[in-house]
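Results of the structural survey
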Amino acid sequence: MGKYLVIISGPTASGKTGLGIRLANEFNTVILSSDSRQFFREMEIGTAKPDQEELAQAKHYFIDSLSIKDEYSLGDYEKDALELLDELYNDHDIVIMVGGSGMYVKAVTEGLDHFPDVPNKIKEKYISLMENEGIEVLQNLLKEKDPNYYDDVDIQNGHRLIRALSVIE
């Protein structure tokens with residue numbers, strides 16, 4: 001038999017946890033959370049984390065595993081989840097992934113584009129530019145340097161503009 005990752009994804013409070021637990025029990029396997037907010041112990045409101053009774057019904061990974069003070073990126077999750085899957089597949093033919101964060105599912109199933117490390121000096125330049133001259137300057141720079149990404153990105157998200165311009169540079 002091959003190794004399978006069964007993915008249950010959808011909006012908050014749509015019954016994903018219950019279905020995941022039923023499948024985990026049916027196939028005698030475990031659950032990986034792919035919900036970016038459920039990773040953090042301090043985030044309770046609006047996350048619909050499994051409660052203690054649900055957690056006791058099937059082994060869960062990536063629930064309350066981090067503090068909001070920890071730096072943890074989508075790339076970190078991709079690496080950690082793939083390494084964990086390699087381990088879990090030693091004992092399980094099927095693993096269940098449950099969550100509502102589509103980018104986290106995509107990171108595991110399709111991989112991420114890997115970007116170069118950007119020196120802080122470059123990032124700080126664009127942060128300073130936004131703080132001193134406004135987000136419009138970054139929007140105009142991005143439109144000039146990468147019009148395709150400009151058309152796709154949320155141009156009101158300063159963090160994404162800073163990241164894009166830093167990677168381009």
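A brief structural summary. Worth saying up front: this structure is predicted, and the values here are computed from it rather than measured.

Quick look at helix H8 (residues 158-168) now. Among all positions of H8, only Gly158, Leu161, Ile162, Ala164, Leu165 and Ser166 are buried. Where H8 is buried, its residues meet helix H5 (120-133), helix H6 (135-145) and helix H7 (147-152). Two or three places before His159, at the opening of H8, Asn157 has a side-chain oxygen 3.1 Å from that residue's backbone nitrogen.

This paragraph deals with the nonpolar core. Across soluble globular proteins, nonpolar side chains show a tendency to be buried alongside one another. Leu32, Phe39, Phe62, Tyr77 and Val95 are the most contacted members of the largest nonpolar core, which has 18 residues in total. Looking at this core, the element that brings in the most residues is helix H3 (residues 74-88), giving 5 residues. If we skip the residues at most four places from it in the chain, Phe39 touches Ser33, Phe62, Ile63, Asp64, Ser65, Leu66, Tyr72, Tyr77 and Tyr104. One finds Val118, Leu142, Ile162 and Ala164 within the second-largest nonpolar core, a separate group that totals 13 residues.

Take the packing of aromatic side chains next. Within the structure shown, the criterion is met by 7 aromatic pairs. Chaining the aromatic ring pairs together yields one cluster made of Phe39, Phe40, Phe62, Tyr72, Tyr77 and Tyr104. Above the plane of the ring of Tyr61 lies Lys59, whose end atom (NZ or CZ) is 4.9 Å from the centre.

With respect to the element layout, Ser166 can be found in helix H8. Contact partners of Ser166, with chain neighbours within four places excluded, come to Val118, Ile122, Lys123 and Tyr126.

Viewed as axis vectors pointing N to C, H5 and H6 meet at an angle of 130°, and their least axial separation amounts to 6 Å. Classed by the angle they form, the pair H5 and H6 counts as oblique. Contacts from Tyr126, Leu129, Met130 and Glu133 of H5 reach H6 at Ile135, Glu136, Val137, Leu138, Leu141 and Lys145. Considered class by class, the residues forming the contact of H5 with H6 number 7 nonpolar, no polar and 3 charged.

Glancing now at the environment of Tyr61. Structurally, the position occupied by Tyr61 is in strand S3 (residues 60-61). Relative accessible area serves as the criterion here: at 23%, Tyr61 is assigned to the partly exposed category. Separated by 85 residues in sequence, Tyr61 and Asp146 place their C-alpha atoms 38 Å apart. Once residues within four sequence positions are removed from consideration, Tyr61 is found in contact with Val30, Ile31, Leu32, Ser33, Leu84 and Leu88.

Burial analysis of strand S4 (residues 94-99) places 6 of its 6 residues in the buried class, the great majority of the element. Residues Ile94, Ile96 and Val98 of S4 are buried on one face, and the alternating residues Val95, Met97 and Gly99, pointing to the opposite face, are buried as well. As defined by bridge partners, strand S1 (residues 4-9) adjoins S4 across 6 bridges and the pair is classed as parallel. When the sheet's bridge partners are listed, Val6 is paired in S4 with Ile96. Bridge count between strand S2 (residues 31-33) and S4: 3 bridges; the pairing is parallel. In the strand pairing of S4, Leu32 is matched with Met97.

Parameters at a glance
- Residues numbered from 1 in each chain as written.
- Predicted model: local features only at pLDDT ≥ 70, side-chain atom pairs only at ≥ 80, totals over all residues.
- Heavy atoms only, no water.
- Buried < 20%, exposed > 50% of the residue type's maximum accessible area, 1.4 Å probe, protein only.
- Helix = DSSP H or I, 4+ residues; strand = E, 2+ residues; numbered from the N terminus.
- Contact = heavy atoms within 4.5 Å.
- Polar contact = N/O pair within 3.5 Å; in protein donor to acceptor, adjacent residues only side chain to side chain.
- Core = buried A, V, L, I, M, F, W, Y, C linked by side-chain atoms within 4.5 Å.
- Phe/Tyr/Trp six-rings, centres within 6.5 Å; stacked < 30°, edge-to-face > 60°.
- Lys NZ or Arg CZ within 6 Å of the ring centre and 35° of its normal.
- Axes fitted to C-alpha atoms, helices over the stretch in contact; angles between N-to-C directions.
- Parallel < 35°, antiparallel > 145°, perpendicular 65-115°, else oblique.
- Nonpolar A, V, L, I, M, F, W, Y, C, P; charged D, E, K, R; others polar.
- Pairing = 2+ DSSP bridges.

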